[in-house]
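Descriptive analysis of the structure
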Amino acid sequence: MPGPPRRRLSLGWLALPVVLVPLGWLLFAGLGRDPREIPSPLIGHPLPTLEAMTLDGDAFASASVAGHPIVVNIWASWCTPCIDEHAVLLDAADAHPELHVVGVIYQDTADGARRFLARYGDGGWPNLLDDNGRIAIDLGVTGPPETVFVDARGIVRARHIGPLTADVMATLLSGIGVSP
Amino acid sequence: MRRIGLPLAIGAVLALAGLVLVEALRPSAPLTQDEQAAAIAAELRCPDCQALSVAESDTAAAAAFRREIADLLAAGRTPEQVRSHFVARYGGWILLTPPNPLVWWVPIAAIVLGIALLAWWLLRVRRPAKSGVEPPGSSDAARARVHEEIEQFDA
C-alpha cells in the first residue's frame, strides 16, 4: 500500500525544517551583531536640556549654544581611554571654531577633573558637574567615554560609545554638518 | 491511557486557565511610595554593570537611578511614567522585565501545547487498527469467565 500513509508521514516531516530553518537563521543572524552596540533612543530627537554648574563655577544652559553643532563628551579623570580621546577632542575643537564642545564629568570629583585637564590640556569648553547623575541619565549614559553629536538644529545625530579616534571623529562630525 | 488522556489534558488546561484568572483578578494592596520605588528599581537594569538590577547594584549610576526614581514618584509620576522616563533615555534594554506580561505565558503555553501534541500522537499511534475481527476476550461471555477464574484464584 504505497498510497496515503506514506504521504502523511512526509507531511509530518515538513514541520521539522519549518521550525529549524527560522531558528537557525535567527541564531546565525545574531552572530553578525555587535553586543556592545546599543541603539540610542536619543538619535533623531532634540538634545535634552542641559543645565548645570561648570567646573569653573559658571552656570551653563544648553540654550546658550543652540544654533551650533555640538559635541557632548561624557568623561571622567579615572577613565583611561578618555586620555587618548581628549587629544582628539582638543584637535577637533581647534580645527572647527564653529563647533561647541561640552564636557559632562561622570562620577568624578571636581579636583580629579581639574587635575586631568591640567595634565592633558584644557580646551576651554564648559565641563558640567553632574553630582546627582541626572545629566548622565538624561543622556542615557552607560559609562565613559561616550559622545553625543548634535547638529545645528539641536537634533542628536549620533552617539558613540567608547573612545573617539580621529577617523571616527571626522566621520561623525560630517554627520552634524562639520566638514574637515 | 486512551480513556484518561483527554480528560487529563482538558483538566490541565482548565486548571491553568483558572490560575491565570486568579492571578489576573487578585486584588493587590496599594504600595507605599518607597515600595513602589523599590519595585521599579528591581525592574531596571543597572546601566554600568552586568546582569544586575538597579536595586541590587552598589554603583554610583545605580544610586543615581534610585534617587531619580524617588524624585519622579515624589513629583507625582505613576510607576508606568517612571519606567517610560528611563526607556525614553536608554531604550527598551533598560527594562529587566518584558513590558508585555503575556510573554511570561508563552513558554508555559508552548509546554502545554507540546504535551498535548505528544499525547495526541501517542494515543493515535498506540490505538489498535480498526478491523472487523473482535479481539479474543472481548465478548461478555469471555469476560464473565475471566472474572470467575480470578475470583476462584483469589479464593
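Below or above, wherever it landed, is the structure these notes cover. (Residues numbered from 1 in each chain as written. Chains lettered and ligands numbered in written order. Predicted model: local features only at pLDDT ≥ 70, side-chain atom pairs only at ≥ 80, totals over all residues.)

1. Quick word on the overall build of chain A
Within chain A, the regular secondary structure consists of 5 helices and 7 strands. Listing the helices and strands of chain A from first to last along the sequence gives α-β-β-β-α-β-α-β-α-β-β-α. Considering chain A as a whole, with its 180 residues, one finds that 34% of them fall into the buried category. (Helix = DSSP H or I, 4+ residues; strand = E, 2+ residues; numbered from the N terminus. Buried ≥ 20, exposed ≤ 12 C-beta atoms within 10 Å, placed from the backbone.)

2. Considering the overall build of chain B
Looking only at helices and strands, chain B has 6 helices and 0 strands in total. Its helices and strands taken in sequence order, chain B reads α-α-α-α-α-α from the N to the C terminus. The buried share among the 155 residues of chain B stands at 14%. Once local pairs closer than 6 in sequence are excluded, the contacts in chain B between residues at least 24 apart make up 52%. (Contact = placed C-beta atoms within 7 Å.)

3. Overview of the sheet that holds strand 4 (residues 100-105) of chain A
Residues and elements named next belong to chain A. Strand order in the open sheet formed by 5 strands is 5-4-3-6-7, with mixed pairing between adjacent strands. Among the strands making up the open sheet, the edge pair consists of strand 5 (127-129) and strand 7 (156-161). Recorded for the sheet is a direction-independent mean angle of 20° between the axes of neighbouring strands. (Pairing = 2+ DSSP bridges. Axes fitted to C-alpha atoms, helices over the stretch in contact; angles between N-to-C directions.)

4. Section: the nonpolar core
In this structure, Val72, Val102, Val104, Ala136, Leu139 and Val150 of chain A together with Phe65 of chain B are the most contacted members of the largest nonpolar core, which totals 52 residues. In this structure Val102 of chain A touches Leu50, Val65, Ile70, Val72, Trp125, Pro126 and Leu128 of chain A, once residues within four positions along its chain are discounted. (Core = buried A, V, L, I, M, F, W, Y, C linked by C-beta atoms within 7 Å.)

5. Quick notes on the pairing of strand 3 (residues 70-75) of chain A
Within a regular strand, the side chains alternate between the two sheet faces. Residues and elements named next belong to chain A. Among the 6 residues in strand 3, 6 count as buried, and that is most of the element. Along strand 3, one buried face is formed by Ile70, Val72 and Ile74 and the opposite face, lined by Val71, Asn73 and Trp75, is buried too. With 6 bridges connecting them, strand 3 and strand 4 associate as parallel partners. Bridge pairing in strand 4 links Trp75 to Ile105. The pairing of strand 3 with strand 6 (residues 146-150) spans 5 bridges and is antiparallel. Bridge pairing links Asn73 to Thr147 in strand 6.

6. Some points on the packing of helix 2 (residues 33-43) of chain B against helix 4 (residues 79-90) of chain B
All names here are of chain B. Remark: helix 2 packs on helix 4, axes separated minimally by 11 Å, with the N-to-C direction vectors making an angle of 35°. In the packing of helix 2 onto helix 4, the handedness of the crossing is right-handed. Every residue of helix 4 that contacts helix 2 at Gln36, Ile40 and Glu43 is listed here: Pro79, Val82 and Arg83. Its residues placed into classes, the contact of helix 2 with helix 4 shows 3 nonpolar, 1 polar and 2 charged. (Left-handed = near helix turned anticlockwise from the far one by under 90°. Nonpolar A, V, L, I, M, F, W, Y, C, P; charged D, E, K, R; others polar.)

7. Things to note about the interface of chain B and chain A
Counting residues at the interface gives 13 residues for chain B, matched by 14 residues for chain A. Looking at which element gives the most residues to the side of chain B that touches chain A, the answer is helix 3 (residues 60-74) of chain B, with 6 residues. Residues belonging to the side of chain B that touches chain A are distributed by class as follows: 8 nonpolar, 1 polar and 4 charged.

8. Concerning helix 2 of chain B
Helical geometry note: an α-helix holds 3.6 residues per turn, so side chains three or four residues apart project in the same direction. Residues and elements named next belong to chain B. The complete set of buried residues in helix 2 reads Ala37, Ile40 and Ala41. Viewed along the axis of helix 2, the buried residues span an arc of 100°, placing them on a single side of the element. Elements in contact with the buried residues of helix 2: helix 3 and helix 4. (Arc of directions from axis to C-beta.)

9. Regarding unusual backbone geometry
Backbone geometry follows two general trends: most residues other than glycine have a negative phi, and most peptide bonds adopt the trans configuration. Residue and element names in this part refer to chain A. Across the junction of Pro144 and Pro145, the peptide omega takes the value -5°, indicating a cis bond. Mapped onto the fold, Pro145 is located in the loop between helix 4 (134-138) and strand 6. Positive phi outside glycine occurs at Gln107, with the angle close to 45°.

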